Amino acid sequence: MKKVFNEVSSLDKKCYEKYLLSEEILMEHAALSLKNEIEKKVKNHNSNILIVCGVGNNGADGITLSRLLQNRYKNIILYLPFGVKSNMAKIQLSRVNTLKIKQIDTIEDIKDIDLVVDCLFGSGLNKPLNNEAKKIIENLNSINAKKISCDIPSGINSEGYIYDIAFKADTTITMGALKISLFSDIAKEYIGKLKVGNLGISDELYEEKTNIYFLEKSDLQLPLRKEINSHKGTFGHACVVIGSKKGAGILASDAAFNFGAGLVTAMVHEEIQMPYYIMQSHNIPENTTAIAMGMGLGLYDKIEIRKILDLKIKKVIDADLFYDEIILDYLDENLVLTPHPKEFCALLKLIGIANIDVNDLQKNRIKYVKEFSNKYPKTTLLLKGANVLISQNQKIYINTFGTTSLSKGGSGDILSGLIVSLLAQGYSCKDSAINASLAHTLVAKKYRYNNYSLTPNDLIKGIKNI
Ligand SMILES: NC(=O)C1=CN([C@@H]2O[C@H](COP(=O)(O)OP(=O)(O)OC[C@H]3O[C@@H](n4cnc5c(N)ncnc54)[C@H](O)[C@@H]3O)[C@@H](O)[C@H]2O)[C@@H](O)CC1
Ligand SMILES: [K+]
């Protein structure tokens, strides 16, 4: 798990004041991080490396980089379309001017570029791009070359919002620490591989406390069985409430069984065709340790739903129930909610936080997840999306492993099944949401066929050898 910050300028400031590092030292290290990445990516000394620099310190990082690369590569080309404004950019440029590094005035007729380094705008982007900047980014995006962004792809602002266009990077080296702006769903298309550039000081000293965390593969804790002396009851009993669209509940039940729950029961009104290892019952069985409800529910009897919600058993709630105010009476520590953006908008309206549409939500996902967690700190929320956000107790965990292959009917039902399985096996609500989400996305990432053919059954198969 890595820490994520709303901004890092206060952390940079701490470096100057507390650790007596200067802006120049930090910048030298920022440029060094870029250099190290470039040396890994570009082996040929004759490669053409285009460094595009803006007027501020993001541009200054790029100018500094050109100096550091000069020893290794013959063809470094600096492009400063708007000149320089910040003090550091001026200082770095005056140094570079003594070194005979090639500078160009336009990229219109530039050819055979092997690598583009984007240092146009960083954390200082604070207004929409003008036409000239848009055109430059458009041109850079059309160049067939490797692409690295310094700090953040130019065009993404500090909230992760893109006004019109942004540089499309293969790799982003973000300086100092991870920032929240890198994790909006819209930004995901542009970031590429994300790495943190060290600024010449240990992470422990640079970083401060935070409430936002980036999940890593190594955070996944599978429900591996340590007990030798065990029986099926040792691993809990998951019950999935089957609604009128039965397929959803069947998928969730199967996923729950495959992810280690000792017993899985489908609660049904009349018997249905299911895998033989899933039991069927008209009621919630006595020894149930976790319940999944909401997926494919369709029309339902409110009294029956209320009775189930009244049970002091951990539950994962999905889909139809986010539109029903019945849920308002149960937003406590026993619930994991798994809405997709449209359902979360309905829920935000029900709980009186906001009346917004999906577009507004997507621009401000973190903000609304935070607001939800402030109001209902005990409840675990998992907001689906390109980057999954999980919150509990005012902490947010970001899972970036999601892939487009998961954008399919049934994926969400499998996720609910994985969550209820872990809840049944004794994981906390937060840990169930985090681990099920990691398993779900990592299985999809490992899927070795094309990105349009993943089925819920492939996910279930993948769970077996994750
Ligand atoms: N503060 C520090 O100690 C460090 C800063 N670093 C770099 O500094 C960057 C931040 O530098 P700055 O704060 O100078 O910000 P930027 O370099 O991102 O840009 C700020 C400049 O761009 C202008 N600008 C903003 N939006 C614009 C728009 N839409 N169209 C045209 N011009 C626009 C601003 O007026 C300002 O002049 C970071 O992203 C990082 O790359 C790194 O060197 C690491 C250390
Ligand atoms: K940039």
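What you see is a predicted model, and the numbers here were worked out from it, not measured in a lab.

Side note on the site of ligand 1
In the vicinity of ligand 1 lie 22 residues, with Tyr-16, Asp-61, Gly-122, Lys-127 and Asp-151 positioned nearest. Gly-122 has a polar backbone atom sitting 2.6 Å from an oxygen atom of ligand 1. Separating a nitrogen atom of ligand 1 from a side-chain N or O atom of Asn-126 is a distance of 3.2 Å. Contact with the protein chains hides 81% of the accessible area of ligand 1, taken as 880 Å² for the molecule alone. The pocket occupied by ligand 1, as judged from atoms lying within 2 Å of grid points, is the largest pocket. Secondary-structure elements contributing two or more residues to the shell around ligand 1 are helix H1 (9–17), helix H2 (23–41) and helix H3 (57–69). Grouping the constituent residues of the shell around ligand 1 by class yields 10 nonpolar, 7 polar and 5 charged.

Some words on the domain arrangement of the protein chain
Split by domain assignment, the protein chain resolves into domain 1 (2–210) and domain 2 (218–464). Summarising the inter-unit geometry, the C-alpha centres of domain 1 and domain 2 are found 40 Å apart. With 10 residues of domain 1 at the interface, the matching set in domain 2 holds 12 residues. Taken over both partners, the interface formed by domain 1 and domain 2 buries close to 930 Å², and the fraction arising from carbon and sulfur atoms is 54%. Of all residues in domain 1, Phe-183, Asp-185 and Lys-188 bury the most surface against domain 2, accounting for 59% of the area lost on that side. Across the contact surface, domain 1 and domain 2 share 1 salt bridge. Arg-365 is paired through a salt bridge with Asp-185; the nearest N and O atoms lie 3.4 Å apart. Summed over the shared surface of domain 1 and domain 2, the result is 9 residue pairs in polar contact (both at pLDDT 80 or more). The residue makeup of the side of domain 1 that touches domain 2, split by class, is 5 nonpolar, 2 polar and 3 charged.

With respect to the coordination of the potassium ion (ligand 2)
Taken together, Asn-58 (OD1), Asp-118 (O), Phe-121 (O), Cys-150 (O), Ile-152 (O) and Ser-154 (OG) make up the protein donors of the potassium ion (ligand 2), found 2.6 to 3.1 Å from the metal. Seen from the potassium ion (ligand 2), its 6 donor atoms lie at angles of 65 to 176°, and the figure they make is irregular. One chain supplies every donor to the potassium ion (ligand 2), and in sequence these donors are spaced N-x59-D-x2-F-x28-C-x1-I-x1-S. Within this pair, whereas Asp-118 is found in strand E5 (residues 115–119), its partner Ile-152 is found in the loop between strand E6 (146–150) and strand E7 (171–175), the two being separated by 34 residues in sequence.

Section: unusual backbone geometry
Phi at Leu-20 takes a positive value of approximately 55°, unusual for a residue other than glycine. Tracing the backbone shows Leu-20 in the loop between H1 and H2. In this structure Leu-20 comes out as exposed when scored by relative accessible area, which is 70%. Positive phi, close to 60°, is recorded for Lys-100, a residue that is not glycine. Its location among the elements puts Lys-100 in the loop between helix H4 (87–97) and strand E4 (102–104).

Overview of the UniProt feature "domain: YjeF N-terminal" (unreviewed entry) in the protein chain
Residues annotated by UniProt as "domain: YjeF N-terminal" (unreviewed entry) correspond here to residues 8–207. Structurally, residues 8–207 is divided into 36% helix and 18% strand, and its ends, taken at the C-alpha atoms, are 9 Å apart.

Definitions and cut-offs
Residues numbered from 1 in each chain as written. Chains lettered and ligands numbered in written order. Predicted model: local features only at pLDDT ≥ 70, side-chain atom pairs only at ≥ 80, totals over all residues. Heavy atoms only, no water. Near = heavy atom within 4 Å. Polar contact = N/O pair within 3.5 Å; in protein donor to acceptor, adjacent residues only side chain to side chain. Areas by Shrake-Rupley, 256 points an atom, 1.4 Å probe, with all protein chains shown as cover. 1 Å grid on protein atoms, 1.4 Å probe; cavity = no way out; pocket = protein on both sides within 12 Å on 5 of 7 lines; lining within 4 Å. Sits in = over half its atoms within 2 Å of the grid points. Helix = DSSP H or I, 4+ residues; strand = E, 2+ residues; numbered from the N terminus. Nonpolar A, V, L, I, M, F, W, Y, C, P; charged D, E, K, R; others polar. Domains from an automatic or database assignment. Contact = heavy atoms within 4.5 Å. Buried area = accessible area lost by both parts, 1.4 Å probe. Salt bridge = Lys/Arg side-chain N within 4 Å of Asp/Glu carboxyl O. Donors = N, O, S within 2.8 Å, 3.2 Å for Na, K, Ca; no water. Tetrahedral: all angles 85-135°; square planar, octahedral: opposite > 155°, others 65-115°. Buried < 20%, exposed > 50% of the residue type's maximum accessible area, 1.4 Å probe, protein only. UniProt positions renumbered as here; feature names shortened; annotations may be inferred.

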